[in-house]
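# What the coordinates show
Here are the chains, one letter per residue:
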Amino acid sequence: MKPPSIFRWMMISEWRAHIMQIAVALIAIAIGVAMAFSIHLINSAAFNEFSAASKSLSGQSDLQVRGRKAFLDEALYPLLAKHSSIALANPVLELDVAVPGKQQGRNDHKLKIIGIDPFRAAQISPDLLGVPEEGETLDRIASDTIFLSPAAMEWLQVEQGDALQLQAGLQAITLRVAGGLVRARAGQRIAVMDIGAVQWRFGQIGQLSRIELKLKDGINHAAFKTRLAKELGESYWVMEAADQEARIANMSRAYRINLNMLALVALFTGTFLVFSTQALSVIRRRQQFALLRVLGFTRQQLLRQIIAEGGFLGIMGSVLGLGLGYAVAAVAIRFLGGDLGTNFFPGVKPGIFFDPWDAVIFFAIGLSVTLLGSIAPALEAVRARPALALRSGAEDAVMAKLSSPWFAVICLSLALLFTQLPPIFELPVFGYLAIALLLIGGITLMPRFAAWTFASLLNRLHHERIGAVFTLALARLANAPNQAAIALGGILASFSLMVAMAIMVTSFRVSIDAWLGQVLPADLYVRAAAIGDQGGFQSDAQNAIIALPGFDRVDFFRTQQLTLDINRPDVTLFARPVDKEDPRNTLPLTDDVIAPGSLPEEVMPVWVSEAMVDLYGYRVGEKVVLPIGAVPSEFLVAGVWRDYGRQFGAIQMQLTDYQRLTGDLSVNNVALWLQAGTSSDTVVASLRQLPFGAALEISRSSDMRALSFEIFDRSFAVTYLLEIVAVVIGLLGVAASFSAQILARAKEFGMLRHIGVMRRQILVMLTAEGGLLTALGVVLGFVLGWGISLILVFIVNPQSFHWTMQLHLPWGWLLAIAVIMLISAALTALFFGRKAVSVQVIRAVREDW
Amino acid sequence: MKRNKSGSNFNVFVMLLFSCLLITGVYAESNRLKPVTPDYQLSFPMDYGAHQDFRIEWWYITGWLETEDKKPLGFQVTFFRYATDRNHDNPSRFAAKDLIIAHLALSDPAVGKLMHVERTAREGFDLAYAKPGNTNVRLDDWTLVREEDGRYQVDMQASDFGLQLSLTPTQSMMLQDMDGFSRKGPKPEQASYYYSEPHLSVTGTVLRQNKPVTVKGRAWLDHEWSTAHLDSDADGWDWVGANLDDGSALVAFQIRAKQGGKVWAYAALRDAKGNMTLFDPDQVEFTPIRTWRSPHTEAVYPVAMHIRTGEIEWRLTPLLDDQELDARQSTAAVYWEGAVMLTKDNKPAGRGYLELTGYVKPLTL
């Protein structure tokens, strides 16, 4: 027979005989590739759409000038417009404005309004020019008109010519929808108004968000950027389009990378399954291979045979996975949105773009992972001496080489070392590597551990009356640990990762619960839709609220966005009354604080979130300069607080300091503590009766908690989904490897039947084996998972999102999963056992010559 | 005008300027803006400057230039001020109360077609303005300023052409029609204030393909302001202003009626000594001699004209045919504005500019 036909014959006959394992391995690869590919597709679609949408807003400018604060004085505009190197200066005022009756979520009730001068914008961002009715071009520069993107029109349910009510601080204003923005991207919810109209109607007279610049021909952009930054000084940022892209990329980078990592976990589990399928198949066919060698097959031919089989599996699985991944991505993006419900990419409706190169890359990953899983078994098969291998019963020895303790020890110590290393490019690369090494090390140690556990169990129970069946099961597990370990590999990988994720999510959830208790101490929170640089409540409104009866305490907050680094998203500034005696009463501080008594009198303290420490290098006790007030002022970092709300950083300061520096007495938020015996309903009713009552956003702290958890759970919905996928792959693995082993042991069962063991007893033995093995896998998986969760909680999370949390274990949930795994493993063993023992006794034994 | 729907084009502003004079009753009469009345006495230097109480106003300069190698060039410079009659209560410095629009065009027989560029901006921030008191208009770096001695300075640079001219009056100004009260139709309110400065002596430089060329020549300035709309029957107008070789100045226009014929016409001839002859509407007659079909807009313009003012017959021949100003990509305005040579009794009589509006008919919806 020619080699190609031998190859086909061997592969097809093997696959036909073990269609189940092959199918499982195929599904594992396919699911792994599909998860990774779909997440990549969704992420890149969402990210590309989000940055394209952001880009379309800022047009084709060469440079942009922004203030360090959210807004800058319009006086800069004529200076730049007259600058000898600048061809065009395009002033922009951008506001997120609340829409009454659209307050379903945290951020999704805002309409982005872009104020432009159409005569300037026509040359830099023509997409933002509204299309008015025929002959009504002056609507573009009117003070009572607004142009809406198709998505915004749909969302607000208005059409050209309709009236639209918006909230400007405490006032409701009515605008006329003068037309559409036909070039807005699908799903992009934006509105355009004349810049003078936005300044006036939203109380932003004199303010701009940014000035976009087009330079004259022949001006070197980079050199001019540096020069202009110098000319403008400290209070302004000069940025290029590339800076803006980096800023957008930074916003979602940690989220995207972590999601990709989770997807790779599925692929990783898949690798173990391929490995176990291939290993078992090689073991099963030892005699077949030995015979071929004796008949003249070379080692290379054999090696090629096994690797080609794996490769074939990899190709099929990867192709299947690409198709599945594309379908999953399409469905997910349709129903969950591009950010899978996490609000990382608000206001865009991405479409999936199929890039053949991406497909090739993910195909290659799938294939190489499969080949990786095939190499070790293939090498072993080739190395075996034909004469020995022809003999039956030496199967267990074959895996011994793979479980060298040194390899495991090296993996584990490297993992330990990696946990101590800092992030690379602000990504927890070493954290993820440590997790992978921990898994590999743990799984490699498995056989030794299994042998040791079951042997000692056997010794201990030797004198007890546990019955022949259990003794047989234990003896089998203790003496053939390598085969057991293969079955365990899959369980271990998936269960430990699931445990780790569960612990991480629970820790996060419990920590957030405690944190919300600290940050939402009041009973009611009242917010006036903030508009731009102005807090919604002016002094008279504040006094009106204080004058209401029924409150124990009223705190006012002023929040604002600061740009401290042009490449990073904005930092949130909170100005509020912080308890001078003990800031802990106001803020969820970590242990890193200056004791309240030892604060010098003359300095202004700020308390920074953990992200500020990671991203901006702020240290407690250090002096920092912040752009608050007319000129930047110096502050003392007095403490670090935990913030799960803003991963890009937040700063808290005393409201009195803020008001002294800025002269801005307006606030955006009010926290209200009710007097004992006052019902919140009466208070809400009296707030509503204030002259500006209709414009208030009143939330009970209990509602805010509920909303926070809803957002949290939605954010982790994908995580749950990935976990379930990992568990299913793991269980499939258990089923596959059990079935393979049990069928391979037909001779053994035949022998047992001959010496008088009942068929039922064999089944009990198999169930016990399955149960014991899974129990060990679950216990080890738990230990391994716990170790991984430590890395996730204390390394990956702080390094990616810049927040720390306390460890909490979801015992009930873990137990439930463990029981489910035990039962399903035992049932699988039983199911395949029935098949094995149904073989005729004589035939089963005759095989063993 | 389907193009409006494409969104990016900045359409209409100039179209609107013209249609504002052309179409009656699009906007309700504003009580903020003043009407044009015959009893107003123009007073200078005040009336050189902007009149913010009127809806629309323009300073319009055309002329013939000659390069050092004796090659002819035509130029047109227009600054419009347009009161939006909106945003009066908006305190923002960005509130668009007035718009400044400017056109610059150069007719160069060597190029064979009109080079033109136009800009629009809202008045404000000292970046764009039309100041009262004396002629002083700016649109970014484009300026038109009348100095104390009566000399005008124009400075306009586009990306590949531009001009920097100094224009010195050689004659007294010419108040049109009834001492500057210029009727534009049969109804008394259909009028504008209108004076001209013919025979301005020009020196300066023109930038062609970014190469400066020294030029000198003769120019004509019109300053006109109004709040009124033209008769609803009006279709467009033909206008000519010419500096004649004997030192006299000729201006003539007709407002065409939609169904043919004319709604109104006017002509004035002032000789070098300053004696002014005015012609009644029925004494003024425009007759096309030759038409030219624009390859850009398919409009057909009577680029060569026969004009009769009383007993005098004038024949107008264009410097080049393609002097169409097609600004649809930016302002949606399309008109023919060209340098023309005048002959009387088959003898060269002078040089001027012919303006033909309302010949493009895409205004169907």
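Residues numbered from 1 in each chain as written. Chains lettered and ligands numbered in written order. Predicted model: local features only at pLDDT ≥ 70, side-chain atom pairs only at ≥ 80, totals over all residues.

## Description of the domain arrangement of chain A
All names here are of chain A. Definition in use: What fixes the domain bounds is an automatic or database domain assignment. Contact between residues is assigned whenever the C-beta positions, reconstructed from backbone atoms, fall within 7 Å. Throughout this entry, Asp, Glu, Lys and Arg are counted as charged residues, while Ala, Val, Leu, Ile, Met, Phe, Trp, Tyr, Cys and Pro are counted as nonpolar. The remaining residues, Gly among them, count as polar.
Each assigned domain of chain A is listed here: domain 1 (1-58 + 241-391), domain 2 (69-233) and domain 3 (531-667). The interface of domain 1 with domain 3 comprises 5 residues on the first partner and 4 residues on the second. Taken together, the residues of the side of domain 1 that touches domain 3 break down into 2 nonpolar, 1 polar and 2 charged.

## A short note on the confidence of the model for chain B
All names here are of chain B. Rules: Per residue, pLDDT measures the predictor's confidence, with a range of 0 to 100.
Here chain B averages 85 in pLDDT, while 88% of its residues score no lower than 70. Note that residues 1-29 has pLDDT below 50 and, in this model, 64 contacts with residues that lie over four places away or in other chains. For this predicted complex, the interface confidence comes out at an ipTM of 0.86, alongside a pTM of 0.73.

## A short note on the packing of helix H14 (residues 429-461) of chain A against helix H15 (residues 467-479) of chain A
Residue and element names in this part refer to chain A. Threshold: Axis definition: a line fitted to C-alpha atoms, limited for helices to the stretch in contact. Angles are taken between N-to-C directions and run from 0 to 180 degrees. Strands here mean DSSP runs of E at least two residues long; helices mean DSSP runs of H or I at least four residues long; both are numbered from the N terminus. Handedness of a crossing follows from how the near helix is turned relative to the far one, being left-handed for an anticlockwise turn of less than a right angle and right-handed for a clockwise one.
At a minimum axis distance of 7 Å, the contact between H14 and H15 shows a crossing angle of 145 degrees. Note on packing geometry: the crossing formed by H14 with H15 is left-handed. Contacts between H14 and H15 pair Ala450, Ala451, Phe454, Ala455, Leu457 and Leu458 from the former with Leu474, Ala475, Leu477 and Ala478 from the latter. Grouping the constituent residues of the contact of H14 with H15 by class yields 10 nonpolar, no polar and no charged.

## Topic: the UniProt feature "domain: AttH" (unreviewed entry) in chain B
Filter applied, for reference: UniProt positions are given in the numbering used here, feature names are shortened, and annotations may be inferred rather than shown by experiment.
Here the UniProt-annotated "domain: AttH" (unreviewed entry) positions come out as residues 56-227 of chain B. Between the end C-alpha atoms of residues 56-227 of chain B there is a gap of 6 Å, over a span that is 0% helix and 63% strand.

## Topic: the pairing of strand S13 (residues 524-528) of chain A
All names here are of chain A. Worth spelling out the cut-off: Between the buried cut of 20 or more and the exposed cut of 12 or fewer other C-beta atoms within 10 Å of a residue's own C-beta lies the partly exposed class, and all C-beta atoms are placed from the backbone. Here a strand pair is declared whenever DSSP counts at least two bridges between the two strands.
With 4 of 5 residues buried, S13 is to be regarded as a mostly interior element. Note: S13 against strand S21 (residues 669-674), 4 bridges, orientation antiparallel. By the bridge assignment for S21, Leu524 is matched with Leu672. When S13 meets strand S22 (residues 696-700), the two strands line up antiparallel, connected through 5 bridges. Following the sheet pairing, Arg527 is matched in S22 by Glu697.

## Here we look at unusual backbone geometry
Residues and elements named next belong to chain B. With an omega of 15 degrees, the peptide bond between Phe44 and Pro45 qualifies as cis. As for its placement among the helices and strands, Pro45 is situated in the loop between helix H1 (13-22) and strand S1 (56-67). One non-glycine residue, Lys70, lies in positive phi territory at about 65 degrees. In this fold, Lys70 is placed in the loop between S1 and strand S2 (72-83). Using a count of 6 C-beta atoms within 10 Å as the deciding quantity, one classes Lys70 as exposed. For Asn87, which is not a glycine, the phi torsion comes out positive at approximately 60 degrees. With respect to the helices and strands, Asn87 occurs in the loop between S2 and strand S3 (98-107).

## Overview of the nonpolar core
Note the following rule: Each nonpolar core consists of buried Ala, Val, Leu, Ile, Met, Phe, Trp, Tyr and Cys residues. Their C-beta atoms, within 7 Å, join them into a set.
Core analysis: the largest hydrophobic core is formed by 273 residues, its most contacted members being Ala191 of chain A together with Ile100 of chain B. No other element matches helix H2 (residues 19-58) of chain A, which puts 23 residues into this core. Here this core spans two domains, and each of domain 1 (1-58 + 241-391) and domain 2 (69-233) of chain A adds at least three residues to it. If we skip the residues at most four places from it in the chain, Ala191 of chain A touches Leu111, Lys112, Ile113, Ile146, Phe147, Leu148 and Ala152 of chain A.

## Section: the environment of Thr271 of chain A
Residues and elements named next belong to chain A. By the secondary structure assignment, Thr271 is in helix H8 (residues 241-284). Distance from Thr271 to Ser368, taken between C-alpha atoms, is 9.5 Å for residues 97 residues apart in sequence. Not counting residues within four places of it along the chain, the set of residues in contact with Thr271 comprises Val369, Leu372 and Gly373.

## Some remarks on the confidence of the model for chain A
In this model, chain A carries an average pLDDT of 79, and 84% of its residues clear a pLDDT of 70 or more. Considering each helix and strand of chain A separately, the mean pLDDT is smallest for helix H26 (residues 841-846) of chain A, with a value of 58, and largest for strand S6 (residues 145-148) of chain A, with 94.

## Remarks on helix H11 (residues 356-383) of chain A
All names here are of chain A. To be explicit about the condition: Multiply 1.5 Å by the residue count of a helix minus one, and that product is the helix's expected span. The bend at a residue is defined as the angle formed between two axes, one fitted to the seven residues ending at that residue and one fitted to the seven starting there.
Over its 28 residues, H11 extends 40 Å from the first C-alpha to the last, a length consistent with the 40 Å expected when each residue adds 1.5 Å. Ile375 marks the point of greatest bend in H11, at about 30 degrees, and the proline Pro377 comes within the next four residues. Taken together, the buried positions of H11 are occupied by Phe362, Gly366, Leu367, Val369, Thr370, Gly373, Ser374, Pro377, Ala378, Glu380, Ala381 and Val382.

## Overview of the environment of Trp314 of chain B
All names here are of chain B. Counting through the fold element by element, Trp314 comes out in strand S20 (residues 312-318). Judged by the 25 C-beta atoms lying within 10 Å of it, Trp314 falls in the buried class. Along the sequence, Trp314 and Lys216 sit 98 residues apart, while their C-alpha atoms lie 26 Å from each other. Apart from residues lying up to four places away in sequence, Trp314 is in contact with Ile307, Leu342, Lys344 and Ala349.

## Some words on the environment of Arg8 of chain A
Tracing the backbone through its elements, the reader meets Arg8 of chain A in helix H1 (residues 3-17). For the pair Arg8 of chain A and Asp657 of chain A, spaced 649 residues apart in the sequence, the C-alpha separation amounts to 80 Å.

## Re helix H13 (residues 405-418) of chain A
Residue and element names in this part refer to chain A. Formally: The arc in question is traced by the directions running from the helix axis to the C-beta atoms.
The end-to-end C-alpha distance of H13 is 20 Å, a good match for the 20 Å that 14 residues give at a rise of 1.5 Å each. Among the residues making up H13, those that are buried are Ala408, Cys411, Ala415 and Phe418. Axial view of H13: buried residues confined to an arc of 95 degrees, hence all on one face. Seen from the buried face of H13, the exposed residues on the opposite side, beyond 90 degrees, are Pro405, Trp406 and Ser413. Elements in contact with the buried residues of H13: H14.

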